[in-house]
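# Topology and contacts: notes
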Amino acid sequence: MMDIQPIAAVPVRTAGALHQNRVFLDFFWDLAKPDQEIRLRAVENLLKYLKDNNEEDELEYTLKKLVDGLAHTREAARPGFSLALGQLLTAFEDITLQNILDRIREKHNVQTATKKFVRNAAFGSLFGILALHQSGRLFKEPPVVLGCVQLLQNLTQQRQHLKDLPNKTMMDILAEVPKKVFEEVLLSALQADMASAFQTPEQLQLLLVALERFPQTLQPKKVKKLLGSSKIINNDNIGQLTHLLKMAARSAKKECALPPLALDLLKLSLREDSFQLFWNKAVVEGMLKEHSGPTNFVSFRLLGSALPLLSVSQLREVLSGEVMKQYGDHVVSAQKQDHFKLAPEMDAYVSNFLAGCQDTEKQLAVMVGFTSLVNQGYPVVPSVWRVVQHLQPAALRNYVAWLRSTFLRPRVDELLNFTSHKQMERKEELKEPPQFRLRKWIVARLVSIVDNNHVKKDEQLIMDIARFVFFHTFFSVKKACANIPETEEKLHIPLDGKTRALMVTSFFGLLLSVHNLPLADESVAPQKRPTGVTSDGSLWLERLVQYAQDLLDKPALVRPVHTLSEEQRQAWDSMLESVACLKKKGGKGHSAENAAFRQLFLLIGMHLFKAPDELLDVMKDLQRCVDEAQEKTAKKNREKAGKRGEVEPQWVEVMVDILLSLLSQPSRHIRQVCKSVFASICPHVNAAALTAILDALDEDAEGDGPVLVLDDAEAAKKMETENDVEEDMEDESDGTSDEEDDDSDGAVEEEVDQNFKAELMKVLQKKNALAAEEDSSEDDLDDDTMMELDKSLSALFSEQQKKVLARKDTVAKMRKKKTLLFDFKIKVLDLVEVFVSRQADNPLVLDLLEPLLSLIERGMALGNEQQGQEFLRRAADIFKNQLCRSKGYCKTAQDRQEELHFLLNKLMTKMQKLSESSVGLYYFSAALYVVKVLRGAPSGESVDGALVSGVAPDLRFMGNVDVEQVAGIFREALGHFMSRRKSPLTTQMFTDLFARFPVLCVKLLNATVQHIASGIREHQQGQACVLLLRAMQNRDVQKLMSGVPWLHLCTKVVAQLTAAFKLQGQMENKALQEKTVKALELCRLLVKLIQLQKLSVDLEALKSALQLLPEVFAFKKTGKLEDTYWTVMRHFGITKPTIEKIKPGKDGGQQPPQRPAKKQKGFLPESKKKKKRPQPVLEPAAYTSSAPMTDNARVKKGQGKTNNKKKSKRKADGTPASQPGPAKKSKMQNDKSVKKK
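## Side note on the environment of Leu1000
In this structure, Leu1000 sits in helix α45 (residues 998-1014). Overall, the relative accessible area of 0% leaves Leu1000 in the buried class. A sequence separation of 29 residues divides Leu1000 from Arg971, and the C-alpha atoms of the two residues are 9.5 Å apart. If near-sequence neighbours (up to four positions away) are discounted, Leu1000 is found in contact with Val931, Met958, Val963, Val966, Ala967, Phe970 and Leu993.

## Overview of the sheet that holds strand β1 (residues 373-375)
If you walk across this open sheet you meet the three strands as β2-β1-β3, and the pairing is mixed. Here the strands that pair on one side only, and so sit at the sheet edges, are β2 (378-379) and β3 (416-418). Relative to β3, β1 is paired through three bridges, and the arrangement is parallel. Within β3, the position partnered with Val374 by the bridge is Asn417.

## What about helix α3 (residues 56-69)?
Between the first and last C-alpha of α3 there are 20 Å, a value that for 14 residues agrees with the 20 Å anticipated at 1.5 Å per step. Residues of α3 that are buried: Glu58, Leu59, Thr62, Leu63, Leu66, Val67 and Gly69. Each buried residue of α3 lies within a common arc of 165 degrees when the element is viewed along its axis, so the set occupies one face. Residues of α3 that are exposed and angled more than 90 degrees away from the buried face: Glu56 and Asp57.

## What to know about unusual backbone geometry
Even without a glycine there, the phi angle at Gln376 is positive, about 55 degrees. Mapping Gln376 onto the fold places it in the loop between β1 and β2. Note on Gln376: relative accessible area 12%, which makes it buried. Phi is positive for Lys1094, which is not a glycine, with a value near 55 degrees. What makes Lys1094 exposed here is its relative accessible area of 74%.

## Looking at the packing of helix α26 (residues 540-552) against helix α27 (residues 566-585)
Between α26 and α27, the least distance of the axes is 12 Å, while the angle of their chain directions is 140 degrees. Classified by the interaxial angle, the pair formed by α26 and α27 is oblique. Like other packed secondary-structure pairs, α26 and α27 cross with a definite hand, here left-handed. Every residue of α27 that contacts α26 at Glu542, Val545, Ala548, Gln549 and Leu552 is listed here: Arg569, Trp572, Asp573, Met575, Leu576, Val579 and Lys583. The residue makeup of the contact of α26 with α27, split by class, is seven nonpolar, one polar and four charged.

## Some thoughts on the side chain of Glu202
When you line up the elements, Glu202 lands in helix α11 (residues 201-213). By relative accessible area, which is 16% here, Glu202 ends up buried. Not counting the four nearest positions on each side in its chain, Glu202 is found in contact with Arg159, Asp164, Asn167 and Met171.

## Topic: the nonpolar core
Within the largest apolar cluster, 352 residues are counted, with the highest numbers of intra-cluster contacts made by Phe370, Phe678, Phe970 and Leu1106. For this core, the leading source of residues is helix α42 (residues 917-935), giving 12 residues. Counting six residues, the second largest nonpolar core, distinct from the first, contains Phe756, Leu764, Leu789 and Leu793.

Cut-offs and rules
- By convention here, each chain's residues receive numbers from 1 onward along its written sequence.
- pLDDT decides what is reported in this predicted model: residues at 70 or higher carry local features, side-chain atom pairs at 80 or more are listed and counted, and totals for whole chains, interfaces and linings draw on all residues regardless.
- By convention in this description, side-chain values take in all heavy atoms of the structure and omit both hydrogens and water.
- Counting from the N terminus, the helices are DSSP H or I runs at least four residues long and the strands are E runs at least two residues long.
- Using a 1.4 Å probe on the protein chains alone, a residue whose accessible area is under 20% of its type maximum counts as buried, one over 50% counts as exposed, and one in between counts as partly exposed.
- Only heavy atoms matter for contacts: two residues are in contact if any of them lie within 4.5 Å across the pair.
- Any two strands with at least two DSSP-identified bridges between them are counted as paired.
- Expected span of a helix: the number of residues minus one, times 1.5 Å.
- Throughout, the arc means the angular range of directions from the helix axis out to the C-beta atoms.
- Only the stretch in contact is used when a helix axis is fitted, and all axes are lines through C-alpha atoms; the angle between N-to-C directions ranges over 0 to 180 degrees.
- Angles are sorted into four bins: roughly parallel if under 35 degrees, roughly antiparallel if over 145, roughly perpendicular if 65 to 115, and oblique for all others.
- Throughout, a crossing is termed right-handed when the near helix is turned clockwise from the far one, and left-handed when it is turned anticlockwise from it by less than a right angle.
- We call Asp, Glu, Lys and Arg charged. Ala, Val, Leu, Ile, Met, Phe, Trp, Tyr, Cys and Pro are nonpolar, and the rest, Gly among them, are polar.
- In this text, buried Ala, Val, Leu, Ile, Met, Phe, Trp, Tyr and Cys residues form a nonpolar core when linked through side-chain atoms within 4.5 Å.

So this is what it looks like as structure tokens:
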């Protein structure tokens, strides 16, 4: 045994050292990752690691790796190494920048690099200088600044690789360098570049940056010494500057941005007082005259960038010059989608200028300048322009005043009017004078100012705009009056009919905008804010009506466009009296109802100026309804009607008819007011009024009711005026649009009917044209006969063309009529929705069930029309979500028990005759709603549907429900579901029934249990298991059946499941498997409940049936069936057997039994595959042995005899031929053995 000598202590390297080095190296891998977050995290961790360890060798290695990584071939890696180097230099100030600069020069020398690595070296030098700049210490070492600038000057020669990056870096350094360093170090180095400023755009920009940063150093004398003149922008240099601007514009073509050189020159021209020279010569006469995209776009961007820099006079001059005209031409011509559009960029320029400028005069000058840019009278900027929201209130008032003045005196010649080059080429003639086009746009702009809630406007300005539009829409000036500002100036050119029609539409759109204006008081919650009210509580409509009254009272000063008749004027005066009366009674009560009536009165009064003949009767009926609602004349009318023996309709019925007639008009304002009025009269709605609403929903598309006529006329007028507003902007975009329309019209194929063919044959036979055609001789018909034939054919084809056009017009009218009808029905649904939501406990709601169901059923067959689908969606949403699922419902149905039971039976009977379950779902929801109404409010539920605390609900309470009759109805439906292959009923319907009405669920359980075996198919039998599962999971059902009924139910279910699991002799299929899964789920719950509740139910038969299931189903893999089965068997104490995996032995060990190959999904079974024919054995049997052969065993054909001998010997020994033999010698080995012998 050896003696162990003690060994001297050696510093043992820790186990984590290698790991630390690995972590250290990973930082550099992360710096080259493409993900920016990973690179930033790597920089942070690297600096932290170096600061914590403070090892010199690691710091040196880091500097080497970072300098080398500056020229990384991966583009995303260079910024990472550059940032890391810059941060490292910031953290370790003892590292000199001169040392790093020398390393960069040495490592990334462009002059000494091979041609393959010149690009990498150039980028390495550039990113190295960026790292030095980012360190923040560059200007503390002036020699390093000089070295960086000199290196950048050398890198400018590598333009094919770096483009203008060296110049941009030089600009960044120059923009931050201190004055002292610039004068002492950089001035001499940059003097040559600044002296040759007119050679390249980069050198010129370098000079401009230096002039802007150091004006005291580069004084005019110094500049004159460098360039020969004290000013850069002068008549001698303007040509060279223009050339450089064009070069910069072309270089920035792909970037779609303004070159910095252009903006620097603009700023320099303002400092040198040479802006006029620069703008006129360089931009207008130089850039624009080239007629190329890049130069023109740079001019437009320069215009937008110059807005904050110019004075008011300069703004007016620039915005009325040639650049604006060219910009307008571009906007008009670039309307197609594939054309580049600069308008969004210009909008951003103007928006930024208005948001940052507080000078109202400049804001007004810019707004007036862009508005004055008109194309044949129509402004280029859109009428709804969001930049208006940045105007100061004073500037907005002045701008509105300018718009009003331009509307009165539309002098298009004084504006910046132009005609696009495409319009000149086509030589188009305007459909209307440019003054009318301008007025249409001005009215739309005034309305958009009111409509935009972000515009800073006061109520006085809103009222002024509304009065101005109203006055010039419906009145004209006779004589000026100081009390009416709108009469102080007359229209220089009278309004035409189209413009006035457009103004009518715009005015009522303005009324809608005013109606929806938010209050200035933000303390009021949005949902509680009253609509159409000013800050002092008065109505906007009331103010306008009072203004209209003032105008009507002064016929000597103003003249209405359509003079009101005596009867119409009486209706107007009675409307004013009613509004005044309602206003007085508003404080005594019914304030919401009175406010709604006031708004309706005022709105109809304003519409009297638009359509007095149509609304005169409506006004009278409304007056009578309001009087009866206020109980003024209700008794008198009833007494008169009683004496005459007539049935006088109640006021609420007449009011509903009025609202329906008003809804036919295409006005969102009327729609909102009608909705609020109906909400106020909902408590007074009777069955007749509700029937009128439902009849409006049942209006057929073929019926010619007065509703559709009014709506059609109004919609046609609206479409005509809207087409006038947008008439020429899209047509002027491209000359090919009209040609495309003509081609599309000419390409319409006309249908040729049989009558036309017969007429054509008659004409040809009459002139003997068919015989001539058969003989193929042209001499049979003379010229006169041919002329007569041509006339006859021409007349025939023209008549056929008229018929085709008439047919097309008929189809278009029917389609338009159908569209109007759906629009009207969607508006009527608003009334139904209001009634259902506000009067949910009204018994009249029950009368809505069948009409709404018929609407939904008919709507399912409407097709894919957008409006039809919208109507169906609205109706279905109201019925299902707001009616059937509402918390509030009618709880007083004692006097309608028989009627409701009949309705329930009717709904369920009709539902079983349906073909689609999508419609049946709504019928079943209606049936559940009827049952809920019959039941009423349980003892533990309040009137509003909420549960009363401390009171347990009575589970057996069913109110007025005849449980046996209702259970029989649903039992019949359940039998229909279980006995039909295709049924509109679904499992979810009965699940909802069981959950909402446990008493009915108990009544249906026995029938459900029987359907486990009696279902028509395995699917229905499985659904019966699902229903039983949901029912037995219900705690209320368990409480209702506690005791003997529950025991009997469990016994029946066990017996049915036992019979269901006896599947011997049945073939395995998908439907049977799904049914078995559902039955196993029910069995799992049942066995669990029996064992927990310790019920005396025999489960042995069920257990025996379950144990036979693996013989029917081959449990090949873990799945839902197998997992559920073993979960059930676990309750019986039987667990899933585990299969031990036996590894095959190396030396002929026992192999485990092979499982049959699993059947792959999507592949043919083995019995279906085409079998290959057995191939003849061409090689000896020894070569086909199952053991793998080595390379030495592969012999050539000449060794056949030897192999045959070995083969015969093995056969004689009794060894099987397939048994592998020893390895055979190769040919080389045989040759060697022969030589040895």
